[in-house]
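Coordinate inspection notes
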Amino acid sequence: MINSREERAMLSDAARVQRHIQAGQSNSDLTIAVQSGMERGIRNSKRFTLTTGSLFGLAAAAVIAIVLFIIPIIHEEPRTAVFPQTVNWGELESFKEFNTYDINSTTLESAIRNDYIQLINKSAEIQGYRITLNAVTADENRILILYTATTEADQEVYNVSSSRILNTRTRSYLTSAGGMGAHDKVLGQDNYHKFYGKTEFELDRSKPFPEELQAEFQIASVDPGKMDDPKTGTILADMHYSPRLKISFTLDSKFKKTVTRILYPDKTVILDGHEVVLSKLELSPLMISARFTLKNPDENSWEVRLKINEASLRTVIKSKTEDGALEMPMVSGGGTEDGFERVYASNLLDNPESLILELTTKTSNEAVKLRINLSK
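So, how was this worked out
- Position labels on residues start from 1 in each chain and follow its written sequence.
- In keeping with the predicted nature of the model, local features appear solely for residues at pLDDT of at least 70, side-chain atom pairs appear and are counted solely at 80 or more, and the whole-chain, interface and lining totals rest on all residues.
- Only hydrogens and water are removed before side-chain values are computed, so all heavy atoms of the structure are retained for them.
- Secondary structure counts use DSSP, requiring at least four H or I residues in a row for a helix and at least two E residues in a row for a strand, with both numbered from the N terminus.
- Here a residue-residue contact requires only that any non-hydrogen atoms of the pair lie within 4.5 Å.
- Accessible surface area values rest on a Shrake-Rupley calculation with a 1.4 Å probe, where residue burial reflects the displayed protein chains alone.
- Polar contacts, as counted here, are pairs of nitrogen or oxygen atoms within 3.5 Å of one another; within protein the pair requires one atom able to donate a hydrogen and one able to accept it, and residues that are adjacent in sequence qualify only if both atoms are side-chain atoms.
- Only Phe, Tyr and Trp rings are paired, with Trp represented by its six-membered ring, and only when their centres lie within 6.5 Å; those with planes under 30 degrees apart are stacked, over 60 edge-to-face, the remainder tilted.
- In this scheme, a residue with accessible area under 20% of its type's maximum is buried, one over 50% is exposed, and one in between is partly exposed, where area comes from a 1.4 Å probe on protein chains only.
- Residues grouped as a nonpolar core are buried Ala, Val, Leu, Ile, Met, Phe, Trp, Tyr and Cys residues, joined through side-chain atoms within 4.5 Å.
- For this document, the term salt bridge refers to a Lys or Arg side-chain nitrogen within 4 Å of an Asp or Glu carboxyl oxygen.
- Note on pairing: DSSP must find at least two bridges between two strands before they are called paired.
- Known as pLDDT, the predictor's confidence for each residue is given on a scale from 0 to 100.

1. Regarding the overall build of the protein
- Along the backbone of the protein there are six helices and 20 strands.
- When contacts within the protein are restricted to residue pairs at least 6 apart in sequence, long-range pairs at least 24 apart make up 68% of them.
- Element-wise, carbon and sulfur atoms account for 50% of the exposed surface of the protein, whose accessible area totals about 17,400 Å².

2. Topic: the side chain of Lys198
- Relative to the assigned elements, Lys198 resides in strand 8 (residues 189–202).
- Engagement of the side chain of Lys198 in a polar contact is seen with the side chain of Asn99, the distance being 2.5 Å.
- Within the structure, the side chain of Lys198 is placed 2.9 Å from the side chain of Asp102, a separation counted as a polar contact.

3. Section: the packing of aromatic side chains
- Evaluated as defined, the whole model comprises five aromatic pairs.
- For the ring pair Phe95 and Phe98, a centre distance of 6.1 Å and an interplane angle of 55° mean the geometry is tilted.
- Ring centres of Phe95 and Tyr196 lie 5.2 Å apart, and the angle between their planes is 65°; on these two criteria the pair is classed as edge-to-face. Residue Phe95 is found in the loop between helix 3 (58–68) and helix 4 (96–99), and its partner Tyr196 is found in strand 8; the two are separated by 101 residues along the sequence.

4. Focus: unusual backbone geometry
- Residues other than glycine seldom take positive phi values, yet Asp266 does so here, at roughly 50°.
- Phi at Asn351 takes a positive value of approximately 50°, unusual for a residue other than glycine.
- Its location among the elements puts Asn351 in the loop between strand 18 (339–344) and strand 19 (354–363).
- Judged by its relative accessible area of 63%, Asn351 falls in the exposed class.

5. A word on the nonpolar core
- Counting residues in each nonpolar core, the largest one holds 31 residues, and the members touching the most others are Ile131, Leu133, Ile143, Ile145, Phe217, Phe249 and Leu251.
- Top element by residues in this core is strand 3 (residues 129–138). It accounts for five residues.
- Excluding residues that lie within four positions of it along the chain, Phe217 makes contacts with Ile131, Leu133, Ile145, Tyr147, Val160, Ser162, Ser163, Pro243, Arg244 and Leu245.

6. Remarks on the side chain of Ser289
- Locating Ser289 in the fold gives a position in strand 15 (residues 287–294).
- Residue Ser289 is classed as buried on the basis of its relative accessible area of 2%.
- Excluding residues that lie within four positions of it along the chain, Ser289 makes contacts with Lys280, Leu281, Glu282, Glu341, Arg342 and Val343.

7. As for the pattern of salt bridges
- Applying the stated rule across the entire model yields 14 salt bridges.
- Ionic pairing is found between Arg371 and Glu358, a salt bridge with its closest N-O pair at 3.0 Å. You can see Arg371 sitting in strand 20 (residues 366–373) and its partner Glu358 sitting in strand 19, a full 13 residues away along the chain.
- One connected set of salt bridges, linked through shared partners, spans Lys318, Glu327, Glu358 and Arg371.

8. Topic: the pairing of strand 4 (residues 142–151)
- In terms of burial, strand 4 is largely enclosed, as ten of its ten residues are buried.
- Neither face of strand 4 is left uncovered, since the one carrying Arg142, Leu144, Leu146, Thr148 and Thr150 and the one carrying Ile143, Ile145, Tyr147, Ala149 and Thr151 both have all their residues buried.
- Looking at chain direction, strand 3 and strand 4 are connected through nine bridges and run antiparallel. By the bridge assignment, Thr132 is partnered in strand 4 with Thr148.
- What sits between the antiparallel neighbours strand 3 and strand 4 is a turn of three residues.
- Pairing geometry for strand 4 and strand 8, over nine bridges, is antiparallel. The partner of Ile143 across the bridge, within strand 8, is Phe201.

9. A few points about the environment of Gly179
- Examined against the element boundaries, Gly179 turns out to sit in strand 7 (residues 175–186).
- Here the alpha-carbon distance between Gly179 and Phe201, two residues 22 residues apart in the chain, equals 9.0 Å.

10. Structural notes on the pairing of strand 11 (residues 245–250)
- Of the two faces of strand 11, the one lined by Leu245, Ile247 and Phe249 is fully buried and the one lined by Lys246, Ser248 and Thr250 carries no buried residue.
- Inspection of the sheet shows strand 9 (residues 212–222) paired to strand 11 by six bridges, in the antiparallel sense. Residue pairing for strand 11: Leu213 is matched across the bridge by Phe249.

11. Some words on helix 5 (residues 105–113)
- Among the nine residues in helix 5, eight count as buried, and that is most of the element.
- All buried positions along helix 5 are accounted for by Ser105, Thr106, Thr107, Leu108, Glu109, Ser110, Ala111 and Ile112.
- Buried residues along helix 5 sit in contact with helix 4, strand 3, strand 4, strand 8 and strand 17 (324–336).

12. With respect to helix 6 (residues 302–311)
- Counting buried positions over the ten residues of helix 6 gives seven, a clear majority of the element.
- What helix 6 keeps buried is the set Trp302, Val304, Arg305, Leu306, Ile308, Asn309 and Ala311.

13. Focus on the confidence of the model for the protein
- Summing up the model confidence of the protein, the mean pLDDT is 79 and the portion of residues at 70 or higher is 75%.
- Segment residues 1–47: pLDDT under 50, and 102 contacts once partners within four positions in sequence are set aside and those in other chains are kept.
- Between residues 52–83, whose pLDDT stays under 50, and residues either more than four places distant or in other chains, the model counts 84 contacts.

Encoded structure:
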């Protein structure tokens with residue numbers, strides 16, 4: 001079942017693409033539509049892997065791939081800091097390296113830097129598979145968990161094939177918003193018996209803040225030596241799976257007290273000759289979202305949407321703090337009924353002096369940067 005608004009927006013865009021394919025839409029328009037619908041791509045490597053249900057959800061990705069007749073690409077290059085800020089990871093040091101490969105790495109770094117983290121360190125073990133829920137952080141919009149999977153000598157961890165969270169009071173599962181993981185390193189070599197992962201989940205602010213939760217994991221593994229086989233992961237018969245490993249925990253009440261700031265800038269920008277309004281901003285420790293609407297509702301056609309998405313080649317938020325400057329990239333996005341929405345990494349806990357939303361547009365062959373100060 002597809003629940004997140006990003007997935008629903010992607011499916012809506014995909015359905016429109018399908019209608020235009022049937023109507024003979026050009027290949028270039030289709031390319032733009034795919035780019036706007038997916039928003040980002042995946043870097044596929046053996047060490048850095050995506051968990052099942054990650055990003056927009058594999059189920060949604062599969063549906064959209066069928067609709068578009070194209071396999072989506074869902075990851076990007078990691079963001080780089082303009083001036084690096086120091087982070088003391090403490091007992092979470094093992095998660096430091098692989099976090100840098102995540103497009104949303106800034107958010108976790110900021111949470112750890114400001115001690116906006118809850119250590120859990122609870123484990124579950126069945127049949128030689130062991131999972132440890134190391135830590136969690138949350139706000140009104142997101143929950144992010146860090147975990148470690150290990151196996152005994154007779155199996156090697158391929159990845160954590162499933163990570164999900166059950167709200168035990170409502171008996172409903174949270175919607176996954178993305179995840180990734182990496183194997184441990186020992187003397188520069190991959191340790192295939194230990195795997196670190198993180199997954200984000202969406203929260204609905206209109207519902208009560210969750211308190212009693214149950215994290216559920218399933219570990220995928222292969223026989224020793226299989227991880228170095230180039231075909232690993234393509235032959236289903238080689239894969240083994242653990243039973244569901246479950247860990248119950250109570251979410252720290254401090255996360256509930258952090259309120260999302262909601263602003264209505266009503267700022268107009270020009271994209272490919274069309275007026276678009278930055279109509280709403282939501283700022284919280286784990287995400288910043290920006291909603292854009294077409295100023296002229298009569299222009300809300302598929303053709304105009306394609307042009308606007310093509311014009312909006314890249315957006316990023318630049319944050320300036322007393323320790324330096326950071327770039328916070330767009331981590332997801334999708335279409336809305338009257339425009340589009342972009343979700344960015346956040347370092348709001350660092351009390352930034354300024355937040356500048358920078359849109360790189362293209363007029364003919366000339367790139368133009370539009371800067372909007374979100375702090376004012």
